[in-house]
Amino acid sequence: MTTLINERSTFYITATFKDKAGNPENPAASRYRIDNPKTGEQIRDWTALSPSVGVVEITINTADNTLTQTNVLQEKRLLTVDADYGSTTPYANGVKDTYAWEIKALQYLSSTE
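In this text the structure is predicted, and so the values were computed from the model without any measurement.

*Asks:* Residue-level account of the overall build of the protein, with values.
*Replies:* For the protein, the helix and strand inventory stands at zero helices and seven strands. Taken over 113 residues, the protein has a buried fraction of 34%. Counting only contacts in the protein whose residues sit at least 6 apart along the sequence, the fraction spanning at least 24 positions is 65%. A total of about 7,000 Å² of accessible surface is found on the protein, and carbon and sulfur atoms cover 49% of it.

Right under this line is the structure:
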């Protein structure tokens with residue numbers, strides 16, 4: 001089931017990082033980005049994360065949840081988390097994961113508000 005968020009609403013995603021045994025572990029580096037998978041539009045560029053004990057809360061803000069297409073009832077977003085565990089080439093020895101959600105259009109909001 002896909003999460004449904006009202007247009008221009010803030011919500012939070014918790015990312016967890018674990019070692020091979022499943023124990024919390026902070027990666028050497030981690031980052032995330034947000035895209036509109038239908039149009040390929042980048043909503044938020046790669047942004048560094050600072051996990052503590054293998055956990056970090058990512059704020060998905062109102063700008064991330066503003067519709068970019070007109071005349072749609074819903075619009076999808078895809079968050080990609082990229083974590084590196086100590087390779088000499090950044091993010092070559094890493095793990096990627098994604099989280100998707102839908103934004104519900106609120107008809108009374110104009111694009112200029």
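*Asks:* Can you explain the pairing of strand S6 (residues 74-84)? Please cite residues and give values.
*Replies:* Extensive coverage of S6 is indicated by the burial of eight of its eleven residues. Of the strand pairs in this sheet, strand S3 (residues 29-35) and S6 are connected by seven bridges, and their pairing is antiparallel. By the bridge assignment for S6, Arg33 is matched with Thr80.

*Asks:* Hey, could you go over unusual backbone geometry for me, with residue numbers and the actual values?
*Replies:* The backbone phi angle of Arg8 is positive, close to 60°, even though this residue is not glycine. Checked against the element boundaries, Arg8 lands in the loop between strand S1 (3-6) and strand S2 (11-16). The exposure class of Arg8 is buried, given its relative accessible area of 19%. The residue Asn71 is not glycine, and still its phi comes out positive at about 60°. Mapped onto the fold, Asn71 is located in the loop between strand S5 (55-60) and S6.

*Asks:* Before we move on, could you go through the environment of Gly54 and cite the residues and values that matter?
*Replies:* Take Gly54: it is sitting in the loop between strand S4 (42-48) and S5. A sequence separation of 39 residues divides Gly54 from Ala15, and the C-alpha atoms of the two residues are 8.2 Å apart. Those residues in contact with Gly54 that lie beyond four places of it in its chain are Ala15, Thr16, Phe17, Pro24, Glu25 and Asn26.

*Asks:* Break down the nonpolar core for me, citing the residues and quoting the values.
*Replies:* Grouped together as the largest cluster of nonpolar side chains are 19 residues, with contacts concentrated most on Ile58, Ile60, Leu79 and Trp101. Among the elements of the structure, S2, S3, S5, S6 and strand S7 (94-104) are those that each provide at least two residues to this core. Setting aside residues no more than four positions away along its own chain, Leu79 makes contact with Ile13, Tyr32, Arg33, Ile34, Ile58, Ile60, Asp97, Thr98, Tyr99 and Trp101.

*Asks:* How would you summarise the packing of aromatic side chains if you had to cite specific residues and measurements?
*Replies:* Within this structure, the stated rule accounts for two aromatic pairs. Consider the rings of Tyr99 and Trp101, whose centres lie 6.2 Å apart with planes at 35°: the pair is tilted. For Tyr99, a relative accessible area of 30% corresponds to the partly exposed category. Ring pairs connect the aromatic residues Phe11, Tyr99 and Trp101, which therefore count as one cluster. Residue placement shows Arg31 over the ring face of Trp46; its charged tip is 4.1 Å from the ring centre.

Reading guide: rules and limits
Residues numbered from 1 in each chain as written. Predicted model: local features only at pLDDT ≥ 70, side-chain atom pairs only at ≥ 80, totals over all residues. Heavy atoms only, no water. Helix = DSSP H or I, 4+ residues; strand = E, 2+ residues; numbered from the N terminus. Buried < 20%, exposed > 50% of the residue type's maximum accessible area, 1.4 Å probe, protein only. Contact = heavy atoms within 4.5 Å. Areas by Shrake-Rupley, 256 points an atom, 1.4 Å probe, with all protein chains shown as cover. Pairing = 2+ DSSP bridges. Core = buried A, V, L, I, M, F, W, Y, C linked by side-chain atoms within 4.5 Å. Phe/Tyr/Trp six-rings, centres within 6.5 Å; stacked < 30°, edge-to-face > 60°. Lys NZ or Arg CZ within 6 Å of the ring centre and 35° of its normal.

The values are spatial; any link to function lies outside them.
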